[in-house]
Amino acid sequence: MSDQQIIDALIARDERVTQQFFFENCRPLFLSIIHYVFSYEVDYDEFVNEFYLHLMENDAYRLRQFQGRSTIYQWMKVIAIRYFIAKRDYMIDNESKDSLLDSAVQSETIDTEKKMTAEMDIEHLLSLMPNRRYVYVIRRLVLQETEPKVVAEELRTNIDNLYNIKKRAIAALTEIALKKVEKYEKKISK
């Protein structure tokens, strides 16, 4: 599908295209935006629902603004970062009645599958990181939620330095994820 066809399908609320686009195609991009914008954990589904509602406001006004001067992924990246930076101190409330996924789709099986997919995505991205210390810090602090003091002791460093390492590690992981998105964009645009 061309970028404009994707936009048209989203505006038409095509469930298959919407699901594919937001929960598969944009997943690496949105995960990198979550890590870039937020200093706390944000649920991926809530992030997507919030962003979807933003895009669909006023009869999909924002989606209708897409002019094809960049790829749809680059355009989504800019819109999402601007929107969530403005809202990051107030994220994420889940009071909206209009959800991207209906309740039938949000079953335990889907949640388990999403968790497994996310874990596989994370493991793949971590395997691409050349700095094993960064991988260790991300695993221990972010994924395993280990106390910073414990991880600092394990690495024989202080907590301030540990947070610096974590910041650089997340930046490196984000860069890898963005490169994967760019590679994917080039692949689908051919």
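The structure under discussion appears in the preceding block.
These notes cover the structure that comes with them. (Residues numbered from 1 in each chain as written. Predicted model: local features only at pLDDT ≥ 70, side-chain atom pairs only at ≥ 80, totals over all residues. Heavy atoms only, no water.)

A few points about the overall build of the chain
The test is simple: Secondary structure elements are taken from DSSP: a helix is a run of H or I of four residues or more, a strand is a run of E of two residues or more, and numbering for both begins at the N terminus. Each residue is assigned to one of three classes by its accessible area relative to the maximum for its type, calculated with a 1.4 Å probe on protein chains only: buried under 20%, partly exposed between the two thresholds, exposed over 50%. The contact rule is simple, with two residues in contact once any of their heavy atoms fall within 4.5 Å.
The helix and strand tally for the chain stands at nine helices and zero strands. When the elements of the chain are put in sequence order from the N terminus, they spell out α-α-α-α-α-α-α-α-α. Counting across all 190 residues of the chain, residues that qualify as buried make up 39%. Contacts in the chain between residues far apart in sequence, at least 24 positions, make up 64% of those at least 6 positions apart.

Points about helix α4 (residues 44–64)
Rule in force here: Multiplying 1.5 Å by the helix residue count minus one yields the expected span of that helix. The bend at a residue is defined as the angle formed between two axes, one fitted to the seven residues ending at that residue and one fitted to the seven starting there.
Relative to the 30 Å expected for 21 residues at 1.5 Å per residue, α4 spans just 24 Å between its end C-alpha atoms, considerably shorter than the ideal helical length. The axis of α4 is deflected most strongly, by about 115°, at N58.

Digging into the pattern of salt bridges
Rule in force here: In what follows, salt bridge is the name for a side-chain nitrogen of Lys or Arg lying within 4 Å of a carboxyl oxygen of Asp or Glu.
All chains considered together, the criterion is met by five salt bridges. Residue R64 pairs with D59 through a salt bridge whose shortest N-O separation is 3.3 Å. Owing to a relative accessible area of 44%, R64 belongs among the partly exposed residues under this scheme. Here R139 makes a salt bridge to E123, at a shortest N to O gap of 2.7 Å. Of this pair, R139 sits in helix α7 (residues 132–143) while E123 sits in helix α6 (residues 108–127), placing them 16 residues apart in sequence.

Details of the side chain of R140
Going by this rule: In protein, a polar contact requires one atom able to donate a hydrogen and another able to accept it; more generally it is a pair of N or O atoms within 3.5 Å, and residues adjacent in sequence count only if both atoms are side-chain atoms.
Summarising the element assignment, R140 is placed in helix α7. For R140, the side chain forms a polar contact with the side chain of E154, separated by 2.6 Å. Leave out the neighbours within four places in its chain, and R140 touches E145, T146, V150, V151 and E154.

All we've got here are geometric facts, nothing functional implied.
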